[in-house]
Amino acid sequence: MTDLSVGTVDPGEGGVGRMKGGERADTRPLLLACLGVFGFGLVWTALFAAGLPAPRVIMWLTVPATSVLAGLTTLRVARTPGLPRAARRFWAHIAVVEVLVLVGASLMTAGTFGQWSSRPLVFVASAVPLLSLALLVVMWALLRLPVGHRSRSEWIRLTLDGATVTAGAALFLWHFVLRPLVQRHTDVPKFLGMLFISLLCLLALVAVMKVVLVGSGPVSSGSLRLLALTILIGVFASAGAPITNQPRWVGLQPISIIVNMLVVSWAAHVQRRRPDEPAPAQEAEARRNRHFSILPYLAVGATALLLAVESFRAGRGGTDIAPVACGVIFITGIVVARQLVALRDNAHLLDSVSRHEQQLQHQATHDALTGLANRTGFAALVGEILAREDCAAVLLIDLDDFKEVNDTLGHAVGDDVLVAVAERLRAAVRASDVVARLGGDEFAVLLRHAPAGDADRAAERMLSLLAPPVQAAGHHLLVHASIGVAPAHPGDDLGTLLRKADIAMYAAKDRGKGSAVEYTPDLAARIQAHAELAADLRDAIGTERLFLRYQPIMNLATGAVFGVETLMRFDHPTRGPVSPAEFIPVAEQSGMIVPLGRWALHETCRQAAAWLQRFGPDSLRSIAVNVAGRQLQDPGFVDDVRAALAASALPAARLLVEVTETAVLNDGQAIATLHELRALGVRIALDDFGTAASSLGLLVTCPVTTLKLDRSFVAEITAGGRPAAVAQAVIAMARTLELQAVAEGIETEAQAEALRRQGYELGQGFLYARPLAAGDLEQLLGESALSYR
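Rules used in this analysis
Residues numbered from 1 in each chain as written. Predicted model: local features only at pLDDT ≥ 70, side-chain atom pairs only at ≥ 80, totals over all residues. Heavy atoms only, no water. Helix = DSSP H or I, 4+ residues; strand = E, 2+ residues; numbered from the N terminus. Buried < 20%, exposed > 50% of the residue type's maximum accessible area, 1.4 Å probe, protein only. Areas by Shrake-Rupley, 256 points an atom, 1.4 Å probe, with all protein chains shown as cover. Phe/Tyr/Trp six-rings, centres within 6.5 Å; stacked < 30°, edge-to-face > 60°. Lys NZ or Arg CZ within 6 Å of the ring centre and 35° of its normal. Salt bridge = Lys/Arg side-chain N within 4 Å of Asp/Glu carboxyl O. Expected span 1.5 Å × (residues − 1). Arc of directions from axis to C-beta. Pairing = 2+ DSSP bridges. Axes fitted to C-alpha atoms, helices over the stretch in contact; angles between N-to-C directions. Parallel < 35°, antiparallel > 145°, perpendicular 65-115°, else oblique. Left-handed = near helix turned anticlockwise from the far one by under 90°. Contact = heavy atoms within 4.5 Å. Nonpolar A, V, L, I, M, F, W, Y, C, P; charged D, E, K, R; others polar. Lys, Arg positive; Asp, Glu negative; His and termini not counted. Polar contact = N/O pair within 3.5 Å; in protein donor to acceptor, adjacent residues only side chain to side chain. Patch = residues over 30% accessible without salt bridge, like charges linked within 9 Å, V, L, I, M, F, W, Y side chains within 5 Å.

(A) Region of interest: the overall build of the protein chain. A count of helices and strands for the protein chain gives 29 helices and 18 strands. Taking all 789 residues of the protein chain together, the buried fraction comes to 46%. With an accessible surface of roughly 38200 Å², the protein chain has 61% of that area assigned to carbon and sulfur atoms.

The structure is reproduced here in structure tokens:
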């Protein structure tokens with residue numbers, strides 16, 4: 001299919017038409033035409049030099065022809081769609097230059113050939129102002145080009161590079177153009193005219209060097225290098241004047257002009273890249289970062305070659321080489337200054353790189369928040385110190401309940417706490433010791449010289465310094481830490497020490513907040529046993545080894561079953577029955593309590609719904625399931641409760657979630673979870689009530705429906721005194737707050753009677769029944785159902 005789309009012309013800035021439709025300004029035909037004219041000029045020059053008939057007028061026409069072609073090329077590039085405005089303006093100026101060169105060069109060539117006029121100097125005199133104006137327009141166009149930002153040092157280097165090239169060009173102009181005029185005692189006007197043109201060439205070269213070395217932004221750097229080449233061609237053409245002035249080689253004069261026009265056309269052709277086809281990013285970045293140009297080195301090489309040639313001629317009785325030698329010395333001085341500047345800059349660069357490397361090294365081995373060593377830096381230091389020290393110790397410090405600070409007060413406050421802890425840990429040890437933050441709220445300390453007992457005393461100092469409240473964003477926060485101490489032994493590495501310290505730290509957490517424990521081999525055995533027990537618990541889920549027992553909650557007045565508390569039991573495959581006092585803490589520490597609790601919740605709801613369906617709604621007013629603090633912190637716990645109720649069709653009001661006071665004390669997430677459960681209709685019981693430090697405060701923050709009096713008060717209730725008074729106060733609070741009260745641990749009739757006298761209606765304990773299997777409990781449920789009818 002033939003593409004019939006045609007580009008249209010849209011008036012551009014200044015009335016110049018620009019192509020639309022995304023067409024490229026194709027300059028190749030014009031460039032090829034210039035090349036063809038150049039080839040023709042070479043053939044004509046060769047024929048003329050050989051003495052063959054070659055009309056001069058034909059050679060003269062090549063000059064305006066190439067000027068016209070070069071002007072059309074630059075004008076077409078200036079009209080390229082989407083080309084930056086500065087680039088279009090630059091190429092429009094170059095087109096104006098080509099018009100001036102067209103007229104000036106044509107006059108100059110006519111005067112040089114000299115066969116149409118008896119006064120050829122008139123043509124030359126008329127051409128000089130036009131060519132001079134062309135050079136001024138070139139300089140104006142170049143100087144108006146925007147350049148990128150450069151530092152003061154870069155400007156110095158680039159200025160010296162430009163001075164090197166300019167001085168080299170000036171030396172060639174003097175040696176080949178001006179010096180012969182002086183030696184031939186040329187008249188002053190002609191000498192001044194040539195001097196003026198030479199100065200204009202040098203100024204144009206300075207302008208070209210400015211954009212070639214510094215960069216030109218929108219104009220192609222390749223185009224500018226080619227334009228700089230035209231200045232050098234002009235210099236060398238002037239230097240070759242003694243040859244081109246000979247009648248035989250007169251054709252070389254227009255050839256130099258044709259070559260310049262050809263190079264200008266080539267430069268415009270290089271710029272023809274469309275704006276929607278930008279140079280690769282790597283090329284652009286290289287242009288921005290380039291601090292090296294070959295031009296100064298070419299200038300130095302050319303002047304050195306000139307000196308060598310003149311020295312050879314002077315040795316054979318030629319001309320004086322003093323001017324050339326002085327010029328070379330001057331240029332060498334510029335090069336030396338350039339190298340000194342480069343050496344200074346390189347020294348500064350090396351210093352900067354060294355500082356940057358040190359900064360990166362510090363960032364790689366130190367914590368950004370606290371300034372302490374991080375895990376990487378700590379590992380490196382420990383390895384070095386253990387290789388030299390006979391007795392050292394590693395202490396692992398973990399902040400207790402730090403997650404609550406982040407969750408309730410925000411990470412900014414948490415960061416302030418971490419910074420304060422870091423400062424206190426630094427103050428607790430010697431300057432030679434190493435304090436590190438391993439991540440999160442976990443810190444480590446390496447004691448370089450710690451004989452027996454020193455590490456324990458250091459841990460005590462840390463706990464003592466951490467005891468005062470931390471000021472963080474207007475909050476006064478108590479910080480508790482658990483510390484594990486691991487003395488180093490021969491052959492220990494960092495991994496071994498951290499593992500031992502970690503074992504000791506978890507042992508410290510088992511003891512309670514704000515304590516320190518030193519590692520002993522039996523701790524490792526205990527941790528190993530706990531890990532194995534956690535694995536066995538995981539394997540037991542869904543098998544007969546993990547099961548539930550049910551202890552009835554009795555109506556103390558009638559002896560009928562009011563509710564049931566569900567208790568988890570575990571029958572180990574090799575050890576037999578394992579006490580809940582052993583496997584429940586292991587499950588909580590390992591996180592296995594979450595899946596175990598999920599299973600117990602679903603099984604409890606299923607069993608309770610089955611009993612209600614079998615024995616009627618009056619047979620079971622409440623079924624309680626124990627929930628650990630770790631479960632309340634699990635984001636999916638409320639969904640688990642909702643799913644268990646839905647799967648079993650158990651009314652939410654029949655489910656009682658029992659939590660200990662310590663599980664919800666100062667735990668915002670746990671309190672929030674309990675409020676969500678209460679919104680579902682689930683009732684909440686505070687187990688072991690009266691044993692925690694802030695029991696009364698929980699009655700305000702926690703959505704409690706039931707208080708379970710701790711067995712320690714029931715055990716002493718018959719003796720009177722404070723236990724009996726506490727039990728009396730609890731039932732009074734429950735009545736005032738319209739809460740249910742349940743007494744736990746009733747083992748004697750006397751205890752039951754004392755509780756009844758105080759007003760307790762519900763209780764549980766071995767007096768009534770031990771935890772029973774589901775089948776054994778069903779008999780009691782049936783009897784209770786009959787008693788309620």
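(B) Summary view of the packing of aromatic side chains. Scanning the model with the defined rule gives three aromatic pairs in all. On the basis of an interplanar angle of 75° and a centroid distance of 5.0 Å, the ring pair of Tyr550 and Trp611 is categorised as edge-to-face. Here Trp611 lies in helix 20 (residues 593-615) and Tyr550 lies in strand 10 (residues 546-555), a separation of 61 residues in the sequence. By relative accessible area, which is 2% here, Tyr550 ends up buried. Taking 6.0 Å as the distance between ring centres and 70° as the angle between the ring planes, the aromatic pair formed by Phe570 and Phe583 counts as edge-to-face. Remark: Phe583 occurs in helix 19 (residues 580-590) and Phe570 occurs in strand 11 (residues 561-572); sequence separation between them is 13 residues. Neither residue differs from the other here; Phe570 and Phe583 are each classed as buried. The ring of Phe766 carries Arg770 above its face, with NZ or CZ at 3.9 Å from the centroid.

(C) Examining the pattern of salt bridges more closely. Scanning the model with the defined rule gives 20 salt bridges in all. Across the salt bridge formed by Arg430 and Asp433, the nearest N and O atoms sit 3.0 Å from each other. Assessed through its relative accessible area of 9%, Asp433 is described here as buried. Of the charged contacts in the structure, one is a salt bridge between Glu749 and Arg756, with a shortest N-O distance of 2.6 Å. For Glu749, a relative accessible area of 46% translates into the label partly exposed. Through salt bridges that share partners, Glu565, Glu658, Lys708 and Glu744 make up one connected network.

(D) View of helix 24 (residues 668-680). Helix length check: helix 24 (13 residues) gives 19 Å between terminal C-alpha atoms against 18 Å at 1.5 Å per residue, within 8%. Of all the positions in helix 24, only Ala670, Ile671, Thr673, Leu674 and Leu677 are classed as buried. The arc enclosing the buried residues of helix 24, seen along the axis, measures out at 160°, which places them on a common side.

(E) The sheet that holds strand 3 (residues 393-400), seen in detail. Spatially, 4-5-3-8-9 is the arrangement adopted by the five strands of the open sheet, whose pairing is mixed. Each having just a single partner strand, strand 4 (434-439) and strand 9 (516-518) make up the two edges of the open sheet. Averaged over all neighbouring strand pairs, the angle between strand axes comes to 20°, with direction disregarded. As judged from the eight bridges shared by strand 3 and strand 8 (residues 480-487), these two strands associate in the antiparallel manner.

(F) Focus on the pairing of strand 14 (residues 655-660). By the criterion of burial, strand 14 is predominantly enclosed, with five of the six residues buried. Strand direction decides the pairing type here: strand 13 (residues 622-626) and strand 14, joined by four bridges, are parallel. Bridging from a neighbouring strand, Val625 pairs with Val657 of strand 14. For strand 14 and strand 15 (residues 683-689), the ladder comprises five bridges, and the chain directions are parallel. When the bridges of strand 15 are listed, Glu658 appears paired with Ala685.

(G) Representation of the packing of helix 15 (residues 411-428) against helix 16 (residues 454-466) within the structure. Direction vectors running N to C along helix 15 and helix 16 enclose 140°, while the axes themselves pass 9 Å from each other. Classified by the angle between their axes, helix 15 and helix 16 sit oblique to one another. As for the relative orientation of helix 15 and helix 16, their crossing is right-handed in sense. Of helix 16, the residues touching helix 15 (which contributes Val421, Arg424, Leu425, Ala427 and Ala428) are Arg461, Met462, Leu465 and Leu466. Residue composition of the contact of helix 15 with helix 16, by class: seven nonpolar, no polar and two charged.

(H) Representation of helix 18 (residues 521-540). Over its 20 residues, helix 18 runs 29 Å from end to end, which matches the ideal 28 Å to within 8%, given 1.5 Å per residue. Those residues of helix 18 hidden inside the fold are in contact with helix 17 (494-511), strand 9, strand 10, strand 11, helix 19 and helix 20. Trailing helix 18 by a residue or two, Gly542 shows a phi angle of about 85°, which is positive.

(I) Highlighting the side chain of Asp710. On the secondary structure map, Asp710 appears in the loop between strand 16 (706-709) and helix 26 (711-715). We note that Asp710 is buried and unpaired, the nearest opposite charge coming from Arg711 at a distance of 5.7 Å. Only 2.6 Å separates the side chain of Asp710 from the side chain of Ser712, close enough to count as a polar contact.

(J) A look at the environment of Phe443. Within the element layout of this structure, Phe443 appears in strand 5 (residues 442-447). Taking C-alpha positions, Phe443 is 9.4 Å from Leu372, a pair spaced 71 residues apart along the chain. Beyond its immediate sequence surroundings of up to four residues, Phe443 is in contact with Leu372, Leu395, Leu396, Ile397, Leu399, Leu418, Val421, Ala422, Leu425, Ala436, Arg437 and Leu438.

(K) Looking closely at the pairing of strand 10. Burial runs high along strand 10: eight of the 10 residues are buried. Across nine bridges, the pairing between strand 10 and strand 11 is antiparallel. Bridge pairing links Leu548 to Met568 in strand 11. Taken together, strand 10 and the strand that follows it, strand 11, pair antiparallel across an intervening segment of five residues, in which Gly559 is found at a positive phi of about 80°. Relative to strand 18 (residues 762-763), strand 10 is paired through two bridges, and the arrangement is antiparallel. Opposite Asn555, over in strand 18, you have Leu762 as the bridge partner.

(L) Spotlight on the side chain of Lys708. Looking at where Lys708 falls in the secondary structure, it is placed in strand 16. In contact with Lys708, not counting residues within four places along its chain, are Ile553, Glu565, Glu658, Ala685, Leu686, Asp687, Asp688, Phe689, Val742, Glu744 and Gln764.

(M) Seen up close, unusual backbone geometry. In this structure, Asp688 takes a positive phi of about 55° despite not being glycine. Of note, Asp688 is situated in strand 15. Looking at Asp688, the relative accessible area reads 26%, which means it is partly exposed. We note that Glu738 has phi near 60°; this positive angle belongs to a residue other than glycine. As for its position among the elements, Glu738 is in the loop between helix 27 (721-736) and strand 17 (740-743). Assessed through its relative accessible area of 72%, Glu738 is described here as exposed.

(N) Main features of the packing of helix 17 against helix 18. Viewed as axis vectors pointing N to C, helix 17 and helix 18 meet at an angle of 75°, and their least axial separation amounts to 10 Å. By the angle between their directions, the pair helix 17 and helix 18 is classed as roughly perpendicular. Facing helix 17, whose interface residues are Ile503, Ala504 and Ala507, helix 18 presents Leu523, Ala524 and Ile527.

(O) Representation of a nonpolar patch on the surface. Taken together, the side chains of Phe40, Val57, Ile58 and Leu61 define a hydrophobic patch exposed on the protein surface, amounting to about 310 Å² of accessible area. Looking at the nonpolar patch element by element, the count peaks at three residues for helix 2 (residues 56-78). Tracing the backbone shows Ile58 in helix 2.

(P) Just the environment of Gly616, in detail. Mapping Gly616 onto the fold places it in the loop between helix 20 and strand 13. In this structure Gly616 comes out as buried when scored by relative accessible area, which is 16%.

(Q) Expanded view of the environment of Thr166. Here Thr166 lies in helix 5 (residues 152-183). Taking C-alpha positions, Thr166 is 6.6 Å from Val206, a pair spaced 40 residues apart along the chain.

Read these as geometric descriptors, not functional statements.
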